[in-house]
Amino acid sequence: MDPECSQLLPALCAALADPRQPVADDTCLEKLLDWFKTVTEAGSSLLLLQDSPCLVELLFQVLKSQDLSSGVLSFCLRLAGTLAAQEDCFQYLQQGELLPGLFGEAGPLGGAAWTAPTVRSGWIQGLRSLARHPGALQLLAQCGALDTIFSLQGDPSLFVASAAGQLLGHILGLCMRDQAEGHHSPQAWDWPACAQRIVSHIEGSLRSTATPRVTQALNVLTTTFGHCHGPWTQVLWVQLSPLVACLLEKDPVPAAHSLVDLLLSVARSPALSSDCGLWEVLAHTLGRLSPAQAGPLALGVLKLQDCPQTLRSRAFDVLLQPLACVLKAAVPDPGPPGLPTGPEGDTAVVDALLSSRSACVGLLCQTLAHLELLQPLPQCPSPWPQVPLLGAAVTVLRFCNGSAVPASDVGGRLCVILAGCVRVQRAALDFLGTLSAGTGSRELVPQVFAVLLDHLDSPDSSPTVLKKAFQATLRWLLSSPTPPGGCDLDPHTQLFLGELLPVLQRRLCSPCWEVRDSGLEFLAQVTRRWAGQAGFRRALLASEVPKLTEQLLQDPESYVRASAVTAMGQLSSWGLHATPAGPGRPEGPQKSLLLDLLHVLSTDSEGFPRRAVMQVFTEWLRDGHAEVAEDTERFVAGVLRVASRDLDWEVRAQGLELALVFLAQSLGRPGSHCPYAVAPAEAPPAGRLAQALRTCCRVQLFEFAFRALFDCDRPVAQKSCDLLLFLRDKAAPYDSSQEAGGSPDVASVEAALQRWRAGEQGQPLGPLEPEAAVAVLRSLDLEGLRRTLAESSDHMEKSPRSLLQDMLATVSVLGDNEADCY
């Protein structure tokens, strides 16, 4: 422990033990406990107590005082558990009967403070921390703690109840850890008394008619099988599995969600997954649960590595049944092959879908989400029913927008239940987008494009649905096959694109800013991928989309302006942005977008558009944009000059990224070398290096980077430090004396840097010669500065010493101005 902390600790412990003192809030106590955990993990808890006896005095005070706050009591119980986790410290604390006092009837357990949930929680967490060695089991028996833990499983505080169940599972594992050593599979009658009591309690709970007690028992077993994989867990499962199976015979099945968690935990256990009886229980459970309860179990079964194929097929059928019912409700029998349509489970699924709007929506959203998770996994069933699932997703969306034609009374009810349901639309669009990655027949692609267009065009589509529809549309467009030759789009896609762009035009004029923003994001992404396709270029240039996008640079909403900047940057990179209107000059020269974006960078009052401009400019420089290539130096100088004055640190940081790209290009390396690379790239020729340094001086790159080195925002200073280290490495062969004919005058530059370091950022650097710039660069301790910046700006304010000072300041123990408030 730090000597300064050792000096402050006695005063703090005295303040915590004094109920009259206003103690710091619970957040400070949490930080203090975290610090003690760090100290004990790094060294001996016993040595800590011997060096700081005030900690033991604080714990004894808990037994004497009845007026301590619940927060301090909870802290002390958890601190005691943290210290007693090491066996020698546990024995030390046992000598004074401190631990039995804290965790037995003599402590908070028997007092009025026990009514506070935070005290009960601290008691459980303290026991959980110290229960790591055999001596802890003796303490549990001595304190009668098991009975208390049993009762806390039903605590009104969900946090306390959950922690109690986890503690029981942990204690059971601790009991069996030493017992199992030397025994291949110890039988239940050989188990320690503590373990037998816990198992007996679990058996009684599983036989109970009260669902909460059954839930508690299942949760304890889930924790146990999830963390313990010894041979004894086989004995435990053999003993308790008949009681678990009996739960499946009840109607309804009690605690179904907890039962699913338990069965999947058992199935994942390497000690139990080879049990054939387990697969039979899982198959039986799939048939006994309701469709909504069976879905998570079916997904969990399909994720298992070693699962019988018959069970996997059964689980997949269960997962697909809700969508199969939706397909049958809109498509006359037999419908697309590949989804289960048999009588088993069909009635239950229909009843669940039609029982209420909330039940129908919940079941469909759960099914769609489960299938979306399953599709990209290695355990995904093969063959994957791509065409039927596409049909089901399209059908669900048609029920939602009212375009489905019901084929039965069930379909008519679904039309009413799902009409305009945003939750189902979002889930179905997400799943539809995921299906774009599937392989197989593309016969339903026109239907997919049609339903996406319907949702994009519908005036009833909410902004969130439109965003999801744009995202799904993008995924399907980008997955479209390229015809032989690779220079154009396939007929289905070209036709869809011709219908999509007029819809996109209308959405860009929407009164809702979220819709305009979603449309611009879609445009930028599709342009990035498709700008080289002739069909896309023709369709886009024939539309009003580029013109509308340019107009949105003046949108009143900053998010939209930022998205418009990004989209225009993409369009301009490919020569697709708007041209001046006029019948006499249909192919006239295009208006300079560069000036418009510089205006945004200089004048926009919000940070998002300015950040977007800097990202676009960096991409333009990297890709050799035509307007930038006309006069690269003038471009870079102008952008850095504006960025250096920007109040947004991300704009300044992006300016450094642009400077790095320019520097790499000046050195003859178009793909800018990463400044974080372990091995630096080879040095450029001397002539090119001298020319590059002169260019950097002309565009004031050195001034921009030096100024950023002392930026008040740490990420900017770090990025500048990395850039200058990269530049110093490249300038290593540069001989300034030969270039200048003598020693460069660096006094004025160093004076300016001192002013900037002191916070006088307004002072300009003035003209700078390469020789002086390199000399200053070599004189700076950039490695030391990088280490300082890596420590973070708050390493002092969040230090243990600072925490102790702040806590003492709240009780006026420190003198004036000694508190390190952060």
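What you are looking at is a predicted structure, and each value in this text was computed from that prediction instead of being measured.

Novice: Please give an account of the overall build of the protein that cites residues and values.
Specialist: Broken down by element type, the protein carries 43 helices and zero strands. Among the 822 residues that make up the protein, the fraction classed as buried is 52%. Excluding contacts between residues fewer than 6 apart, the proportion of contacts in the protein whose partners are at least 24 apart in sequence is 71%. Just so you have it, the protein exposes about 36300 Å², and 53% of that area is on carbon and sulfur atoms.

Novice: Lay out the pattern of salt bridges in plain terms, naming residues and giving numbers.
Specialist: Between side chains of opposite charge, a pair can form when the charged atoms approach closely. On inspection of all chains with the given rule, the structure shows 22 salt bridges. Close ionic contact of aspartate 155 with arginine 120 constitutes a salt bridge, the shortest N to O distance being 2.7 Å. In this pair, aspartate 155 sits in the loop between helix H10 (145–152) and helix H11 (158–180) while arginine 120 sits in helix H8 (residues 117–130), placing the two residues 35 residues apart along the sequence. Exposure remark for aspartate 155: the relative accessible area of 10% places this residue in the buried category. A salt bridge links aspartate 722 to arginine 786, with the shortest nitrogen-to-oxygen separation between them at 3.2 Å. Highlighted residues: aspartate 722 in helix H38 (residues 714–730) and arginine 786 in helix H42 (residues 782–790), separated in sequence by 64 residues. With relative accessibility at 9%, the residue aspartate 722 sits in the buried group. Several salt bridges share partner residues, and in doing so they unite Arg611, Asp648 and Glu650 into one network.

Novice: Describe the environment of leucine 658, and please don't skip the residues or the numbers.
Specialist: Residue placement: leucine 658 occurs in helix H35 (residues 649–666). Expressed as a C-alpha distance, the spacing of leucine 658 and leucine 640, which sit 18 residues apart in the sequence, is 8.5 Å. Beyond its immediate sequence surroundings of up to four residues, leucine 658 is in contact with Phe617, Thr618, Leu621, Phe635, Val636, Val639 and Leu640.

Novice: Describe helix H37 (residues 701–709), with residues and values.
Specialist: Across the nine residues of H37, nine count as buried, placing the element largely inside the fold. Within the sequence span of H37, burial applies to Leu701, Phe702, Glu703, Phe704, Ala705, Phe706, Arg707, Ala708 and Leu709.

Novice: For unusual backbone geometry, give the residues involved together with the corresponding values.
Specialist: Cis geometry marks the peptide bond from aspartate 251 to proline 252; its omega dihedral reads 0 degrees. Of note, proline 252 is situated in the loop between helix H14 (232–247) and helix H15 (256–268). A cis amide bond, omega 5 degrees, links serine 382 with the succeeding residue proline 383. Relative to the assigned elements, proline 383 resides in the loop between helix H20 (357–374) and helix H21 (386–401). One non-glycine residue, alanine 255, adopts positive backbone phi at about 50 degrees. With respect to the helices and strands, alanine 255 occurs in the loop between H14 and H15. Positive phi, close to 60 degrees, is recorded for glutamine 700, a residue that is not glycine.

Novice: So what about helix H40 (residues 747–757)? Which residues, and what values?
Specialist: Every buried residue belonging to H40 is among Val749, Ala752, Leu753 and Trp756, and all of these are buried. Buried residues in H40, looked at end-on, bunch into an arc of 100 degrees, giving them a common side.

Novice: Residues and numbers for the packing of helix H31 (residues 593–603) against helix H34 (residues 632–644), please.
Specialist: H34 packs onto H31 with a crossing angle of 20 degrees between their chain directions and a minimal axis gap of 10 Å. As the angle between them shows, H31 and H34 are arranged roughly parallel. H34 is crossed by H31, and the crossing has left-handed handedness. Between H31 and H34, the contacting residues are Leu594, Leu598, Leu601 and Ser602 on the first element and Phe635, Val639 and Val642 on the second.

Novice: Explain the environment of alanine 292 to me, and be specific about the residues and the numbers.
Specialist: Relative to the helices and strands, alanine 292 resides in helix H17 (residues 291–303). Placed 72 residues apart in sequence, alanine 292 and leucine 364 show a C-alpha to C-alpha distance of 9.0 Å. Here alanine 292 is in contact with Leu363 and Gln366, once residues within four sequence places are set aside.

Novice: Please provide a residue-by-residue account of the confidence of the model for the protein, values included.
Specialist: Residues with a pLDDT of 70 or more make up 87% of the protein, whose mean pLDDT is 86. Overall, residues 581–588 carries pLDDT values under 50, and its contacts beyond four positions in sequence, including any with other chains, amount to two contacts. Overall, residues 813–822 carries pLDDT values under 50, and its contacts beyond four positions in sequence, including any with other chains, amount to 19 contacts.

Novice: So what's going on with the packing of aromatic side chains? Which residues, and what values?
Specialist: Summed over the entire model, instances satisfying the criterion amount to 13 aromatic pairs. Feature note: the residues Trp513, Tyr559 and Phe608 constitute an aromatic cluster, connected by ring pairs.

Novice: I'd like to hear about the side chain of threonine 233, residue by residue, with values.
Specialist: Following the sequence through the fold, threonine 233 ends up in helix H14. With near-sequence residues (within four places) excluded, threonine 233 lies in contact with Phe225, Cys228, Ala271 and Leu272.

Novice: Break down the nonpolar core for me, with residues and values.
Specialist: Among the nonpolar cores identified, the biggest contains 288 residues, and Leu32, Phe75, Phe103, Trp123, Ile171, Leu432 and Phe617 are the most heavily contacted of them. Among the elements that make up this core, the one with the highest residue count is helix H18 (residues 309–330) (13 residues). Apart from residues lying up to four places away in sequence, phenylalanine 103 is in contact with Leu77, Ala80, Gly81, Leu109, Trp123, Gly126, Leu127, Leu130 and Cys143.

Novice: Lay out the packing of helix H32 (residues 607–623) against H34 in plain terms, naming residues and giving numbers.
Specialist: Where H32 meets H34, the closest approach of the two axes is 12 Å, and the angle between their N-to-C directions is 160 degrees. Looking at the two axes, H32 sits roughly antiparallel to H34. Crossing handedness for the pair H32 and H34: left-handed. Contacts from Met614, Phe617 and Leu621 of H32 reach H34 at Thr632, Phe635, Val636, Val639 and Ala643. Here the residues of the contact of H32 with H34 are counted per class, giving seven nonpolar, one polar and no charged.

Reading the values: rules and limits
- Residues numbered from 1 in each chain as written.
- Predicted model: local features only at pLDDT ≥ 70, side-chain atom pairs only at ≥ 80, totals over all residues.
- Heavy atoms only, no water.
- Helix = DSSP H or I, 4+ residues; strand = E, 2+ residues; numbered from the N terminus.
- Buried < 20%, exposed > 50% of the residue type's maximum accessible area, 1.4 Å probe, protein only.
- Contact = heavy atoms within 4.5 Å.
- Areas by Shrake-Rupley, 256 points an atom, 1.4 Å probe, with all protein chains shown as cover.
- Salt bridge = Lys/Arg side-chain N within 4 Å of Asp/Glu carboxyl O.
- Arc of directions from axis to C-beta.
- Axes fitted to C-alpha atoms, helices over the stretch in contact; angles between N-to-C directions.
- Parallel < 35°, antiparallel > 145°, perpendicular 65-115°, else oblique.
- Left-handed = near helix turned anticlockwise from the far one by under 90°.
- pLDDT = per-residue confidence, 0-100.
- Phe/Tyr/Trp six-rings, centres within 6.5 Å; stacked < 30°, edge-to-face > 60°.
- Core = buried A, V, L, I, M, F, W, Y, C linked by side-chain atoms within 4.5 Å.
- Nonpolar A, V, L, I, M, F, W, Y, C, P; charged D, E, K, R; others polar.

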